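For reference, the chains in residue letters:
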There are 2 protein chains.
Amino acid sequence: MRKTVGIIGLGLLGGSLAKGLTKLGTYRIIGYDHLPEVCKEALKDKVIEDIADGPGQVISQSDIVVFAMPPDINAQTLVKYKDLFRPGTLVTDVSSTKKHVIKAVEDCLPADVHFVSIHPMAGSEKGGYAMAKADLFQNCAWIILEDRQSPHWNEGNAKELEVMGQKLGGRIEWVPMAKHDHLLATVSHMPHVVAAMVTTVAGNDQYGDLRLRLAAGGFRDITRVAGGTPSMWREIISGNRKEVLLALDALAGQIEEIKQMLTKDPSGQALESYLTRARTIRKHFQEIIDNTANPK
Amino acid sequence: MRKTVGIIGLGLLGGSLAKGLTKLGTYRIIGYDHLPEVCKEALKDKVIEDIADGPGQVISQSDIVVFAMPPDINAQTLVKYKDLFRPGTLVTDVSSTKKHVIKAVEDCLPADVHFVSIHPMAGSEKGGYAMAKADLFQNCAWIILEDRQSPHWNEGNAKELEVMGQKLGGRIEWVPMAKHDHLLATVSHMPHVVAAMVTTVAGNDQYGDLRLRLAAGGFRDITRVAGGTPSMWREIISGNRKEVLLALDALAGQIEEIKQMLTKDPSGQALESYLTRARTIRKHFQEIIDNTANPK
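Just so you know, these numbers come straight off a predicted model, no measurement behind them.

### Considering the overall build of chain A
Link 1 in the chain: From N to C terminus, chain A includes 12 helices and nine strands.
Link 2 in the chain: Expected size for 296 residues packed as a compact globule is a radius of gyration near 19 Å; at 21 Å, chain A falls within 12% of this value.
Link 3 in the chain: Its C-alpha atoms give chain A principal-axis dimensions of roughly 70 × 40 × 40 Å.
Link 4 in the chain: Sorting the 296 residues of chain A into buried and exposed places 54% on the buried side.
Link 5 in the chain: Relative to all contacts within chain A whose residues are 6 or more apart in sequence, the contacts with residues 24 or more apart total 74%.

### Structural notes on the pairing of strand β8 (residues 141–146) of chain B
Link 1 in the chain: Summarising burial for β8(B): five of the six residues are buried, a large majority.
Link 2 in the chain: A crossover connection joins β8(B) to the parallel strand β9 (residues 171–176) of chain B through helix α6 (residues 155–167) of chain B; in handedness this β-α-β unit is right-handed.

### A short note on helix α4 (residues 71–80) of chain B
All names here are of chain B.
Link 1 in the chain: Turning to α4, its buried residues are Pro71, Asn74, Ala75, Thr77 and Leu78. Burial along α4 is one-sided: seen end-on, the buried residues are contained in an arc of 165 degrees.
Link 2 in the chain: Buried residues belonging to α4 abut β1 (4–8), α3 (55–61), β4 (64–67), β5 (90–93), α5 (99–108) and α10 (230–238).

### Let's talk about the relation of the copies chain B and chain A
Link 1 in the chain: After a rotation of 180 degrees and a shift along the axis of 0.0 Å, chain B superposes on chain A with an RMSD of 0.0 Å. Each copy turns onto its partner about a two-fold axis. Closest to the rotation axis within chain B is the C-alpha of B:Ile222, separated from it by 2.0 Å.
Link 2 in the chain: Residue by residue, 100% of the interface of chain B is reproduced at the interface of chain A, so both copies engage with the same surface.

### Looking at the sheet that holds β9(B)
Backbone hydrogen bonds hold the strands of a sheet together, and the pairing may be parallel or antiparallel.
All names here are of chain B.
Link 1 in the chain: Ordered by their spatial adjacency, three strands build an open sheet running β7-β8-β9, and the pairing between neighbours is mixed. Either end of the sheet is taken by a strand with one partner, and the two such strands are β7 (118–120) and β9. Strand after strand, the sheet turns through a mean of 20 degrees between neighbouring axes, direction not considered.
Link 2 in the chain: In this structure, β7 lies alongside β8, joined through three bridges in antiparallel fashion. Following the sheet pairing, His119 is matched in β8 by Ile143.
Link 3 in the chain: Lying on the sheet, α6 is in contact with β7, β8 and β9; it crosses β8 at an angle near 175 degrees.
Link 4 in the chain: The sheet strands contacting helix α7 (residues 177–203) are β7, β8 and β9, and the helix crosses β9 at an angle near 110 degrees.

### Observations regarding the interface of chain B and chain A
Link 1 in the chain: Tallying the contact residues gives 83 residues for chain B and 83 residues for chain A.
Link 2 in the chain: Every element with two or more residues in the side of chain B that touches chain A is listed here: β8, α7, α8 (208–214), α9 (217–222), α10, α11 (241–264) and α12 (269–293) of chain B.
Link 3 in the chain: It is α7(B) that contributes the most residues to the side of chain B that touches chain A, 17 residues altogether.
Link 4 in the chain: Across the side of chain B that touches chain A, the residue classes break down as 48 nonpolar, 21 polar and 14 charged.

### Quick word on the packing of helix α7 (residues 177–203) of chain A against α7(B)
Link 1 in the chain: As a packed pair, α7(A) and α7(B) sit with axes 11 Å apart at the nearest point and diverge in direction by 170 degrees. On the basis of their axis angle, the class for α7(A) and α7(B) is roughly antiparallel. Contacts from A:Thr186, A:Val187, A:Pro191, A:Val194, A:Val198, A:Val201 and A:Ala202 in α7(A) reach B:Thr186, B:Val187, B:Pro191, B:Val194, B:Val198, B:Val201 and B:Ala202 in α7(B).
Link 2 in the chain: Taken together, the residues of the contact of α7(A) with α7(B) break down into 12 nonpolar, two polar and no charged.

### Considering the nonpolar core
Link 1 in the chain: Counting 186 residues, the largest nonpolar core has A:Val66, A:Val194, B:Val66 and B:Val194 as the members making the most contacts within it.
Link 2 in the chain: Residues contacting A:Val194, with those up to four places away along its chain left out, are A:Leu251, B:Val194, B:Val198 and B:Ile222.

### So, α10(B)
Link 1 in the chain: Burial analysis of α10(B) places seven of its nine residues in the buried class, the great majority of the element.
Link 2 in the chain: Looking at α10(B), one finds that the buried residues are B:Pro230, B:Trp233, B:Arg234, B:Glu235, B:Ile236, B:Ile237 and B:Ser238.

### Focus: the domain arrangement of chain A
Residue and element names in this part refer to chain A.
Link 1 in the chain: According to the domain assignment, chain A contains domain 1 (4–176) and domain 2 (181–293).
Link 2 in the chain: Just the C-alpha atoms count here: the centres of domain 1 and domain 2 sit 30 Å apart.
Link 3 in the chain: Sorting the residues of the side of domain 1 that touches domain 2 by element identifies α4 (71–80), α5 (99–108) and β9 (171–176) as the ones contributing at least two each.

### Some words on the sheet that holds strand β3 (residues 50–51) of chain A
All names here are of chain A.
Link 1 in the chain: Spatial ordering of the open sheet is given by β3-β2-β1-β4-β5-β6, a layout of six strands whose pairing is parallel. One side of each edge strand has no neighbouring strand; the edge strands of this open sheet are β3 and β6 (114–115).
Link 2 in the chain: Direction of pairing for strand β2 (residues 28–32) relative to β3: parallel, over a ladder of two bridges. Bridge pairing links Gly31 to Ile51 in β3.

### Examining unusual backbone geometry
Link 1 in the chain: Although it is not a glycine, A:Lys46 adopts a positive phi angle of roughly 60 degrees.
Link 2 in the chain: Tracing the backbone through its elements, the reader meets A:Lys46 in the loop between α2 (36–44) and β3.
Link 3 in the chain: When the 11 C-beta atoms within 10 Å are taken as the criterion, A:Lys46 is described as exposed.
Link 4 in the chain: With phi around 70 degrees, B:Asn139 is a residue other than glycine that occupies positive phi space.
Link 5 in the chain: Of note, B:Asn139 is situated in the loop between β7 and β8.
Link 6 in the chain: On the neighbour-count criterion, B:Asn139 (17 C-beta atoms within 10 Å) is partly exposed.

What counts as what
- Residues numbered from 1 in each chain as written.
- Chains lettered and ligands numbered in written order.
- Predicted model: local features only at pLDDT ≥ 70, side-chain atom pairs only at ≥ 80, totals over all residues.
- Helix = DSSP H or I, 4+ residues; strand = E, 2+ residues; numbered from the N terminus.
- Rg over C-alpha atoms; globule rule 2.2 N^0.38 Å.
- Buried ≥ 20, exposed ≤ 12 C-beta atoms within 10 Å, placed from the backbone.
- Contact = placed C-beta atoms within 7 Å.
- Right-handed = clockwise from strand over helix to strand, strands pointing away.
- Arc of directions from axis to C-beta.
- Least-squares fit on C-alpha atoms with pLDDT ≥ 70 in both.
- Pairing = 2+ DSSP bridges.
- Axes fitted to C-alpha atoms, helices over the stretch in contact; angles between N-to-C directions.
- Nonpolar A, V, L, I, M, F, W, Y, C, P; charged D, E, K, R; others polar.
- Parallel < 35°, antiparallel > 145°, perpendicular 65-115°, else oblique.
- Core = buried A, V, L, I, M, F, W, Y, C linked by C-beta atoms within 7 Å.
- Domains from an automatic or database assignment.

Structural data, given as structure tokens:
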């Protein structure tokens with residue numbers, strides 16, 4: 001018999017997971033979203049086999065429960081329905097920050113309920129079920145958060161999520177739970193704030209309109225994610241406040257370094273070395289994403 | 001008889017100008033590049049009608065002389081060949097920063113040599129003649145720098161460059177010369193440094209490789225221009241040092257503001273307002289570039 005995967009939240013990530021897993025055919029998929037029209041559409045699309053009447057029904061009827069709402073809501077929902085989890089169930093979440101959900105798991109779940117957290121690094125400034133697609137995870141990092149000290153950890157479940165990620169086309173990355181929020185602050189959350197800050201510096205005064213009319217492709221790309229949903233990013237960033245603050249400090253440190261360079265070395269030689277080092281790192285990153293674009 | 005446009009430097013901008021103008025057929029195009037193979041290729045591509053043997057020949061044989069080398073080299077070349085400019089010649093440049101070339105014009109050119117500076121906001125992290133294309137300027141801002149106080153200013157010449165930009169598909173923007181370097185520092189030069197800084201923060205320590213493996217589309221776009229040519233950006237940025245320093249200060253001010261928000265308002269409400277304002281600005285920018293993508 002096929003296992004049941006229950007997905008709570010059918011937005012960009014949850015919806016894409018439902019679409020991708022339905023295509024694989026390995027699982028029976030059920031789902032719930034707080035927007036009734038999204039549930040109906042997912043059922044009509046044959047992306048879920050059944051609509052649950054709420055998170056509780058998903059939790060009590062699934063072998064694998066996927067929390068795919070914003071991080072805070074995932075944690076609150078897990079606490080609210082804590083008595084409905086059955087022994088042996090695999091609970092997972094796809095949150096961008098893990099602090100709240102981990103605390104909820106530790107506080108509320110009995111040890112015989114398994115928890116293995118994942119984070120598929122797929123996203124877009126345009127969210128929602130309408131943007132969800134079966135191949136969203138293709139070539140994206142599919143992070144499995146190693147937390148072997150946790151009483152909820154289960155190696156077999158972790159492997160099952162690894163296989164799931166591979167089948168959906170993800171690049172599997174095992175990351176220690178304790179490192180996740182720090183790493184994400186530097187490659188995702190702080191850069192998101194940067195996009196908003198650069199946009200603000202350019203557009204926020206009486207010359208704003210003129211500046212925007214002059215801006216070109218570099219500005220367009222650097223600021224793209226500033227078009228993302230503020231409420232979602234508020235949750236992600238304030239949920240990872242401590243690490244985002246440290247990452248902003250690191251950025252401020254770089255600004256100070258560049259200012260020193262420009263002040264003490266007007267010829268720009270030191271700046272050129274800095275830009276050359278950055279380009280080497282950027283090229284390495286491009287190789288990482290290009291290799292997966294053309295898998296062996 | 002067709003006027004002669006002489007282009008010194010057949011890289012991304014100069015080469016694209018040669019290709020675009022050749023397609024229009026209005027002018028006779030001659031050119032020079034310090035790389036002999038580029039000159040030969042441009043001649044073979046019928047993108048220039050003649051190869052000049054050096055900048056001097058371009059200057060003495062053209063009605064419109066376009067300086068399309070890096071900003072410092074443009075200025076140095078203008079000084080070196082100052083005696084070859086003929087009265088009535090229109091001299092222009094496509095530099096990213098204007099300080100050096102303006103000084104060279106003021107110091108060296110007789111008042112009967114006209115100078116109107118332009119700045120087509122088209123670029124790429126991949127430069128060079130190989131990347132040049134006739135439609136590079138399509139939908140890009142084509143900045144004409146107004147400098148009516150200058151003895152070299154000529155309104156008719158400025159209009160001629162305006163028409164040239166329109167025919168090449170650019171969006172014409174008249175910008176006071178005195179404002180150019182400030183505006184560009186905020187929408188181009190500082191953002192370029194930001195891309196390098198974000199790349200450095202992510203990739204520059206023992207977790208660098210892991211971070212890069214976890215990074216997704218937001219990071220890819222924010223850091224794209226960090227793949228640009230360091231020597232070119234060194235010239236652009238150190239040539240506009242004062243304004244870039246001010247723009248970096250403005251960014252540091254935003255970092256301080258965000259840090260205060262995250263520290264004093266852990267719920268993230270203030271941050272959400274900030275992100276909402278930034279999104280409004282970003283949407284306005286998107287409308288600007290989309291309107292030109294679908295011109296009336």
